[in-house]
Protein chains: 2
Amino acid sequence: MRRKLIVVSNRGPVTFSRDGSARRSSGGLATALRSLLQYHDVTWIASASSDGDRERAGVAFDQTTDDGSSYRLHLVEHEERAYDWFYNVVANPMLWFVQHSLWELAYTPKIDSAFHRAWRDGYEVVNASFAAAVVAELEREPEATVFFHDYHLYLAPPIVRRERPDARLMHFVHVPWPQPDYWRVLPPSMRCTIHEGLIANDLIGFHTDRWRSNFIYSARELLGEDVTHKTVTAPISIDPSEFDDLARSEPVLAAERELVARRPEQLVVRVDRTDPSKNIVRGFRAFELYLDAHPEARGRVGMLALLDPSRQDIPEYAEYLGAIEREARRVNDRFQEQGWRPVDLRIADDFPRSIAAYKQFDVLLVNAIFDGMNLVAKEAPVVNTRDGVVVLSENAGAHAELGEWALTVNPFDVEGQAQAIHEALSMDRFERKRRLDAIRRYVREHDVNEWLDIQFAALDRVAATARR
Amino acid sequence: MRRKLIVVSNRGPVTFSRDGSARRSSGGLATALRSLLQYHDVTWIASASSDGDRERAGVAFDQTTDDGSSYRLHLVEHEERAYDWFYNVVANPMLWFVQHSLWELAYTPKIDSAFHRAWRDGYEVVNASFAAAVVAELEREPEATVFFHDYHLYLAPPIVRRERPDARLMHFVHVPWPQPDYWRVLPPSMRCTIHEGLIANDLIGFHTDRWRSNFIYSARELLGEDVTHKTVTAPISIDPSEFDDLARSEPVLAAERELVARRPEQLVVRVDRTDPSKNIVRGFRAFELYLDAHPEARGRVGMLALLDPSRQDIPEYAEYLGAIEREARRVNDRFQEQGWRPVDLRIADDFPRSIAAYKQFDVLLVNAIFDGMNLVAKEAPVVNTRDGVVVLSENAGAHAELGEWALTVNPFDVEGQAQAIHEALSMDRFERKRRLDAIRRYVREHDVNEWLDIQFAALDRVAATARR
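The structure presented is a predicted model; accordingly, all values stated were derived computationally and were not measured. (Residues numbered from 1 in each chain as written. Chains lettered and ligands numbered in written order. Predicted model: local features only at pLDDT ≥ 70, side-chain atom pairs only at ≥ 80, totals over all residues. Heavy atoms only, no water.)

*Asks:* Can you break down the side chain of Arg346(B) residue by residue, with the values?
*Replies:* All names here are of chain B. With respect to the helices and strands, Arg346 occurs in strand β13 (residues 343–347). A polar side-chain atom of Arg346 sits 2.8 Å from a polar atom in the side chain of Asp344. Among residues more than four places away in sequence, those in contact with Arg346 are Arg262, Leu304, Ala305, Leu306, Leu307 and Arg353. (Helix = DSSP H or I, 4+ residues; strand = E, 2+ residues; numbered from the N terminus. Polar contact = N/O pair within 3.5 Å; in protein donor to acceptor, adjacent residues only side chain to side chain. Contact = heavy atoms within 4.5 Å.)

*Asks:* An account of the pattern of salt bridges is requested, with residue identities and associated values reported.
*Replies:* Residues and elements named next belong to chain A. Applying the stated criterion across every chain yields a total of 89 salt bridges over all chains. In this structure, Arg329 engages Asp333 in a salt bridge whose closest nitrogen and oxygen atoms are separated by 2.8 Å. Linking Arg329 with Asp333, this pair stays in helix α12 (residues 315–335), spanning four residues, or about one helical turn. A residue is classified by how much of its surface remains accessible, and Asp333, at 52% relative accessible area, is exposed. We note a salt bridge from Glu431 to Arg435, for which the minimum N-O separation is 2.8 Å. Residue Glu431 and its partner Arg435 are located together in helix α17 (residues 429–445), separated by four residues, close to a single helical turn. (Salt bridge = Lys/Arg side-chain N within 4 Å of Asp/Glu carboxyl O. Buried < 20%, exposed > 50% of the residue type's maximum accessible area, 1.4 Å probe, protein only.)

*Asks:* Before we move on, could you go through the environment of Pro240(A) and cite the residues and values that matter?
*Replies:* Residue and element names in this part refer to chain A. Counting through the fold element by element, Pro240 comes out in helix α9 (residues 240–248). Measuring from C-alpha to C-alpha, the distance between Pro240 and Val382 comes to 6.9 Å, with 142 residues separating the pair along the chain. Beyond its immediate chain neighbours, meaning those up to four positions away, Pro240 contacts Val382, Val443, Arg444 and Asp447.

*Asks:* How would you sum up the sheet that holds strand β6 (residues 70–76) of chain B? Please name residues and give values.
*Replies:* Sheet strands line up and pair through hydrogen bonds in the backbone, either parallel or antiparallel. Residues and elements named next belong to chain B. With respect to topology, eight strands assemble into an open sheet ordered β5-β6-β4-β1-β7-β8-β9-β10, the strand pairing being mixed. Where the open sheet ends on each side, the last strands, each with one partner, are β5 (61–64) and β10 (231–233). In this sheet, neighbouring strand axes are inclined to one another by 25° on average, regardless of whether the strands run parallel or antiparallel. In the sheet, strand β4 (residues 41–47) pairs with β6 via five bridges, with the strands oriented parallel. Of the residues in β6, the one forming a bridge with Ile45 is His74. Packing against the sheet, helix α1 (residues 28–39) makes contact with β1 (4–8), β4, β6 and β7 (145–149), and its axis sits at approximately 155° to β4. (Pairing = 2+ DSSP bridges. Axes fitted to C-alpha atoms, helices over the stretch in contact; angles between N-to-C directions.)

*Asks:* Mind laying out the confidence of the model for chain A, listing which residues take part and the relevant values?
*Replies:* For chain A, per-residue confidence averages 96 on the pLDDT scale, and residues scoring 70 or more make up 100% of the total. Interface confidence for the predicted complex, given as ipTM, is 0.94, next to a pTM of 0.96. (pLDDT = per-residue confidence, 0-100.)

*Asks:* Quick one: what's the story with unusual backbone geometry, residue by residue and with numbers?
*Replies:* Residue Pro109(A) is bonded to the preceding Thr108(A) through a cis peptide linkage, with omega at -5°. The backbone of Asp387(A) sits at a positive phi, close to 50°, despite the residue not being glycine. Relative to the helices and strands, Asp387(A) resides in the loop between α14 (376–383) and β15 (389–393). Residues other than glycine seldom take positive phi values, yet Arg311(B) does so here, at roughly 50°. Its place among the elements puts Arg311(B) in the loop between β12 (301–308) and α12 (315–335).

*Asks:* So what's going on with the interface of chain A and chain B? Which residues, and what values?
*Replies:* The interface of chain A with chain B comprises 44 residues on the first partner and 44 residues on the second. Buried area between chain A and chain B, summed over both chains or domains, comes out near 3,700 Å², and the portion from carbon and sulfur atoms is 50%. Our count for the contact surface shared by chain A and chain B stands at six salt bridges. A salt bridge links Arg210(A) to Asp181(B), with the nearest nitrogen and oxygen atoms 2.8 Å apart. Taken together, chain A and chain B are joined by 28 residue pairs in polar contact (both at pLDDT 80 or more). Residue assignment for the side of chain A that touches chain B shows that the elements contributing at least two residues are α4 (113–140), α6 (180–183), α7 (188–199), α8 (209–223), α11 (280–293), α12 and α16 (414–425) of chain A. Residue classes in the side of chain A that touches chain B are distributed as 22 nonpolar, eight polar and 14 charged. (Buried area = accessible area lost by both parts, 1.4 Å probe. Nonpolar A, V, L, I, M, F, W, Y, C, P; charged D, E, K, R; others polar.)

*Asks:* Quick rundown of the sheet that holds strand β7 (residues 145–149) of chain A? Include the residues and the values.
*Replies:* Residues and elements named next belong to chain A. Pairing in this open sheet of eight strands is mixed, and the strands run β5-β6-β4-β1-β7-β8-β9-β10 from one edge to the other. Two strands close off the open sheet at either side, each with one partner strand: β5 (61–64) and β10 (231–233). Strand after strand, the sheet turns through a mean of 25° between neighbouring axes, direction not considered. Set on the sheet, helix α18 (residues 448–467) makes contact with β1 (4–8), β7, β8 (168–172), β9 (203–206) and β10; between it and β8 the angle comes to about 140°.

*Asks:* Give a description of the packing of aromatic side chains that names residues and reports values.
*Replies:* Scanning all chains against the criterion turns up 41 aromatic pairs over all chains. A centroid spacing of 6.0 Å and a plane angle of 50° characterise the contact between Trp405(B) and Tyr442(B), whose relative ring orientation is tilted. Taken together, the residues Trp405(B) in the loop between α15 (399–402) and β16 (407–409) and Tyr442(B) in helix α17 (residues 429–445) connect sequence positions 37 residues apart. Here Trp405(B) matches Tyr442(B) in class, with each residue buried. Sitting over the face of the ring of Trp96(A), Arg311(A) holds its NZ or CZ atom 4.3 Å from the ring centroid. (Phe/Tyr/Trp six-rings, centres within 6.5 Å; stacked < 30°, edge-to-face > 60°. Lys NZ or Arg CZ within 6 Å of the ring centre and 35° of its normal.)

Dropping the structure here:
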């Protein structure tokens, strides 16, 4: 069924340069949402993030994707200072750190008047601008369903609801939902406003039952409301055919040739943004413990870490990158010898090389501290050519679906991760293939379209119940 | 009703020196439990912690308190290395930091093989020694109720249960109970063993409904068991008459004279151990923000911080003391002038001076990050002479009882704390007196004996239900 949708996310599907050329946004969210454009009538509302974007901001215009789908794009321009507060103070790091339980509570955060102002004059203001754009689009298309995304937009739904009480609003939370005590890091007014903002929607989606029941629990504790009936579990996924195509593409084949020419006998791969939630430092430490316990692996096994530098405007992220480099250096200084470097660390945004590494891993390490889903755990197995084994954090959303075929690790237990790396590298080929095939089958059967189908079906049920 | 009790806690009521003289232990737990000795037949099992203790370890012997109550004391000697691992690696910081949500999860903890060994050869071993002492005492007095205390002893109850299936076991948890996601900082085997250890008791007590329901929730999530029926909320309290006597004692009067001679016009007091959970650094920052916003307070209002140095063998605690000193220095460098120092920081264990400060505060700041109860919030109002106002963290257990008469603060919101300090200092005398009187009345009506009565009544109910 073709639907009229107003998709609202901070980052849009493309960014424009001054000359009018459009560049596709990377990132799982933009990729997942692009698949909407094929099947539905979409107006997409997003922040203007470049000079080219800003020239086009304020009114919707028609766009066409590479595969010929057309949609309308409505870019919202924000005052620069408001956007900085919204993005670099409130959304990241504050909300991101709360939702991934990353604060060192003995010292951080210190919520001072600067933060209170960033909330009021940044986060609230940007959300109000988004809400105004939504209301304008609903004016044109009152029957459309509004589909909000993620932690940037918690305050927009109730503004839209006030203006358009009958609008159909849904929201998907792409990050973990922490339990209520961790929400208490925020002062009462802020944490309650966030929860009230979300429940102004008709439907709120989460990747896993775990994040969803945490939300139900925190809404009950903080607001005293039972919101079970307006929540849904919908695990995001990928378009496997996109990765099949990528795996055969010339840039990936070139990157793979280079990788094969240099690769050690066995290869442990991780592909991540340099985000503290990704647990990269402990991953290196675990690999060191593995090399400590298994001298026979030295010279034969290597770890390839392909890391996309992330949010370097934010001090916590800049510091984490420093810690990553320091830890890799330390492990390499301890073990490296002629022709073999234990940790091959690449800090760059190089998508073809990532796909090449997906094809070449013997072990894929996903040891995230907390992760809403982690799409790497779904993407890499689909194109892997070596019956590679997935080592997967129990705190990654993907674990709810793929855990039985992965080796489960606790993200804080570096000794357990070292043992899992060993177990994965010494697993017999039959068992490795059995597990990898099962993951692949699962991901192909549960693709990104299913993620959308689940949510729309749930929304229809909620709407039907409301009509009765 | 007089009961036969076997009290089990890591720290005992007294410590012996070589010459046989006994020194009373400080700390809320030892003080609270001492009131048991008056009313019940108690055998107390505790770790030998001095050379004098070790000379007396292994067999129980009779002791008499200052007020003439007699009890038996059974000191347990531990292998030095095992005790070090038990105390300085597992109990503090690991369990303490987990239960107070203090880890910086992006970097700490790293659970390595050293920690796994400290758990196995330290925490498990010391708990087994305690359990063996309990079993020996039950041999002598099979009808006695065993009363375990706190996070040091989570693994002892199931060992006793195996040996004596019919024993009556109760356990009181003096620290906060975090929600299940924070327990996941520990690998599955450890977090499950802790929960299984506690539910081997017939009754488990917590200070507040909040910690108790967190426990019920985490036992359900981690073990799949409903343990509601074996839990009780019993807020620990003080013996008010003890503080009345102290307030009139010569050492306190001397300390008070000294304090009065130096005190500024208005005095903000905090009394704490130098523990990261106490939120001392943010307290100084809040006081700085208050001075920033209220130039008229400079020279007139001072903060007195009486801090007992805590667990300095543990790096996280040593670092926190450094941060405390640095922050006080910074605020003083910014504001101090002839005859007035904004922050008067005293790092010492000086109980009479603490009581003198209790008498003299205009504002008592208790801004703990998380705190099981916080007895300072009960002790200080009882003896205060200035209609002082309590500023109280919403995450301190005491807030559940005293919150309505205190000014509530979020521990992370330094701006909110600065505003609360201002509000407290400018509150009219009538309102201050109304609030303080209410707190005093509450604490006098709900003293430490009530804490015990609630638990014993609940235990009898559980036992009666079990018999049916």
